[in-house]
Every structure is written in structure tokens, then in C-alpha cells.
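Fold and geometry: a report
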Amino acid sequence: MSAADPTPSPIPKRSVSPKSEDSETQKPLEIESQEPSITRPHPKPSYPTAKLRLRISDLSHPGSPVFLKYCNASVALSSAVDDVLAILYVPTRSNSHIPGTRSVTLFLESMDGVAYTTGSQLDNDHKEIHFSLDYINSISEDRKSKEIQGVLVHEMVHCWQWNANGTCPGGLIEGIADFVRLKAGLGPPHWKRPTKKRAKDGKEPQQDERDREWDAGYEKTGFFLEWLEEEYGEGSVRNINASLKDAEYDENKLWKSLFGEEVIDLWKRYVETWREEEDAK
């Protein structure tokens, strides 16, 4: 190396900290979060919903302004659905035990009778309630609101109940509908619990033949179902409806499996609770 060449500076040595014996196994320090863990509850099951529609065929019919005056259709139909589902079903996550009704359309039109319910031309998941404007117009002034709502609840049951694949007796179908109307607090004043006719001159009176049949339908069967609910506990009618979901109607099997007796024997026990006419309230 010549004198003209610069003298190189010594390379500084990097000091190395002594390793601890277990340095190879040391891990980064983990700091625990101070925030408490949050467990979010599953949402409660809710009932299915359906689109609700109203169609009035003739606004000039005297029953049309009566309906519009005494009934808020949106509230009335929604309330009817709520009553029916709450009485006939308990919601689950899938709600597969509830009919898949997708829409209900209320048709107000001039016709004989009171009302009827059917599936639409589209398919049976779309229901139609046909309500007579003539009947609506004939309801007494003090009963218009409750009677309109009572009819809507009855017909709404037909949109959501099971019918044993079309084999269920019509009397039971209509009886369940009027039972729901009773439970909803909308039974009309002319509905009377059946009574026994008093014997005269030692002779047993003849009871109306249909009054002695459990499936006479409407309020007669409705009151019988109400008695079953009181006798066997809340949910008894719900269980009857559930048993009509998949299989065809089998009278002996259905009633015995649910109540341990044939329906005719249940009816006889119910008849024994009837009061005689003069003793009835």
C-alpha cells in the first residue's frame, strides 16, 4: 500500500447481547383484551307474513262506504292474521308446520250469503276472501265494527288452517274457524252455548237433531272445541289442527291419539255440561 493511499478505518464490531438459554423458545408477549366477550342471542322465531290486498268491486254500493267507515282494512287484515296464527300455531325458525300462504286478497262484492274463502287462480298459496257488501250493509249500527272483524277472522282461519288434504269434515273446518273467532273475543251476541230443553209432563223433549252432533259446524262445534280446550288444556285445538297437516282424516285415530277417547264419547261428556234452558245464563 503506498503512502498516498488512504488508511482504511477499522470496521466497528456490532455488540451482540447475550442470548438467554431459552431464547429459541420465547414467544412474543400476548396482551389479553380487556373487552368482555359478547354473546349475541339468536333472534326469537316469528310468524310468517303474507301480502294483504283489498279490492272493492263497486264503490257506489251502499255497503262500500260502510266498510270504509268502520274498518281500516290494513289494520283489520293484519290483526286477523295475528289472531289466527297466535291461536293455531307456535312459531319456529323454519315455520314448516304453518301453511305457506303468500297473499290474501279481500274482495268486497255484492253477493248472497256472508263470506267465503278460496285459493286464487294462480295457486293455492294465494288466498281470496270474498265478503258480501249486501251483508255488510245489513249489519246493525252498533255491531258493524266487531261483526266485520269477526267475519274477517273466521275467513282468515281458512287461509291458514290444515284440512287433512281435503278430507277433513266441513263441520270441523268451520268449527275451528269459529273457535278462533271466540278466542279472539269476537263472538256475536246471537251465539248461545247450547242448553237442554226441560222435560214437560215427564216426557224427555226432542233436541234438535243437528244440536246433538259434534260436527254440526260453526259455533256449535266451536263451543265444543272451547270445552275441549278448557278440559284438556290450552293448545288442544292447536293439536287438532296440527294433526290435519299431512295425513288424511281418520276420526278414531285422531281423537283417541289426542284425547284418549272417541269423539262421540267426548261429545257426550260435553253435552252433560249443558244447562237446562231456564237455568242457563
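Procedures and definitions
- Residues numbered from 1 in each chain as written.
- Predicted model: local features only at pLDDT ≥ 70, side-chain atom pairs only at ≥ 80, totals over all residues.
- Heavy atoms only, no water.
- Helix = DSSP H or I, 4+ residues; strand = E, 2+ residues; numbered from the N terminus.
- Buried < 20%, exposed > 50% of the residue type's maximum accessible area, 1.4 Å probe, protein only.
- Contact = heavy atoms within 4.5 Å.
- Areas by Shrake-Rupley, 256 points an atom, 1.4 Å probe, with all protein chains shown as cover.
- Salt bridge = Lys/Arg side-chain N within 4 Å of Asp/Glu carboxyl O.
- Pairing = 2+ DSSP bridges.
- Axes fitted to C-alpha atoms, helices over the stretch in contact; angles between N-to-C directions.
- Patch = residues over 30% accessible without salt bridge, like charges linked within 9 Å, V, L, I, M, F, W, Y side chains within 5 Å.
- Phe/Tyr/Trp six-rings, centres within 6.5 Å; stacked < 30°, edge-to-face > 60°.
- Lys NZ or Arg CZ within 6 Å of the ring centre and 35° of its normal.
- pLDDT = per-residue confidence, 0-100.
- Parallel < 35°, antiparallel > 145°, perpendicular 65-115°, else oblique.
- Nonpolar A, V, L, I, M, F, W, Y, C, P; charged D, E, K, R; others polar.
- Core = buried A, V, L, I, M, F, W, Y, C linked by side-chain atoms within 4.5 Å.

Let's shift gears to the overall build of the protein chain. Helix and strand counts for the protein chain come out as nine helices and six strands. For the protein chain, the proportion of its 281 residues judged to be buried stands at 37%. Look at the contacts in the protein chain between residues 6 or more apart in sequence, and 67% of them connect residues 24 or more apart. Looking at the protein chain as shown, the accessible area adds up to about 18100 Å², and 48% of this sits on carbon and sulfur atoms.

Once that is clear, we can look at the pattern of salt bridges. Taken as a whole and assessed by the stated rule, the structure comprises seven salt bridges. The salt bridge involving Arg269 is made with Glu261; its shortest N-O contact spans 2.9 Å. Assessed through its relative accessible area of 22%, Glu261 is described here as partly exposed.

The next subject is the sheet that holds strand β2 (residues 103-109). The four strands lie next to each other as β1-β2-β4-β3, forming an open sheet whose pairing is mixed. The outermost strands of the open sheet, each flanked by one partner alone, are β1 (51-56) and β3 (115-119). Each neighbouring strand pair of the sheet contributes to a mean axis angle of 20°, computed without reference to strand direction. Pairing of β2 with strand β4 (residues 126-132) involves seven bridges; the strand directions are parallel. The residue bridging Phe107 from the neighbouring strand is His130, located in β4. Contacting β1 and β2, helix α2 (residues 73-88) crosses the sheet at an angle of about 135° to β1.

Where nonpolar side chains cluster on the molecular surface, the patch consists of Leu54, Leu59 and Leu68 and spans about 280 Å² of accessible area. When you line up the elements, Leu68 lands in helix α1 (residues 63-70).

The final tally for this structure, using the stated rule, is twelve aromatic pairs. Consider the rings of Trp214 and Trp255, whose centres lie 5.2 Å apart with planes at 70°: the pair is edge-to-face. Residue Trp214 is found in the loop between β5 (195-196) and α6 (218-232), and its partner Trp255 is found in helix α8 (residues 251-259); the two are separated by 41 residues along the sequence. Like Trp214, the residue Trp255 is buried in the burial classification. Between Phe224 and Trp227, the aromatic rings sit 6.2 Å apart at their centres with planes inclined by 15°, giving stacked as the arrangement. Of this pair, Phe224 and Trp227 are both found in helix α6, three residues apart, which corresponds to roughly one turn of the helix. Taken individually, Phe224 and Trp227 each receive the classification buried, so the pair is uniform in this respect. The structure contains a cluster of three or more aromatic residues connected by ring pairs, namely Trp214, Phe224, Trp227, Tyr232, Trp255, Phe259, Trp267, Tyr270 and Trp274. Directly above the ring of Trp162 sits Lys245, whose terminal nitrogen or CZ lies 5.3 Å from the centroid.

In this section: the confidence of the model for the protein chain. Of all residues in the protein chain, 77% have pLDDT values of 70 or greater, and the mean over the chain is 86. Counting interchain partners and residues more than four positions distant, the pLDDT-below-50 stretch residues 19-23 has two contacts.

The next subject is the packing of α6 against helix α9 (residues 263-271). When two helices pack together, their arrangement is given by the angle between their axes and by how far apart the axes lie. The geometry of α6 relative to α9 is characterised by a closest axis approach of 11 Å and an angle of 90° between their N-to-C directions. Here α6 lies roughly perpendicular to α9, going by the angle between them. Residues Lys220, Phe223, Phe224, Trp227, Leu228, Glu231 and Tyr232 of α6 pack against Val263, Leu266, Trp267, Arg269 and Tyr270 of α9. Counted by class, the contact of α6 with α9 contains nine nonpolar, no polar and three charged residues.

Residues Met156, Leu172, Phe224 and Trp255 are the most contacted members of the largest nonpolar core, which totals 62 residues. Looking at this core, the element that brings in the most residues is α2, giving nine residues. In this structure, Phe224 is in contact with Trp214, Trp255, Val263, Leu266, Trp267 and Tyr270, ignoring residues within four places of it in sequence.

The phi angle at Ala164 is positive, at roughly 55°, despite the residue not being glycine. Looking at the element boundaries, Ala164 is found in the loop between α4 (144-160) and α5 (170-183). Of the residues examined, Ala164 reaches a relative accessible area of 0% and is grouped as buried. The residue Tyr218 is not glycine, and still its phi comes out positive at about 50°.

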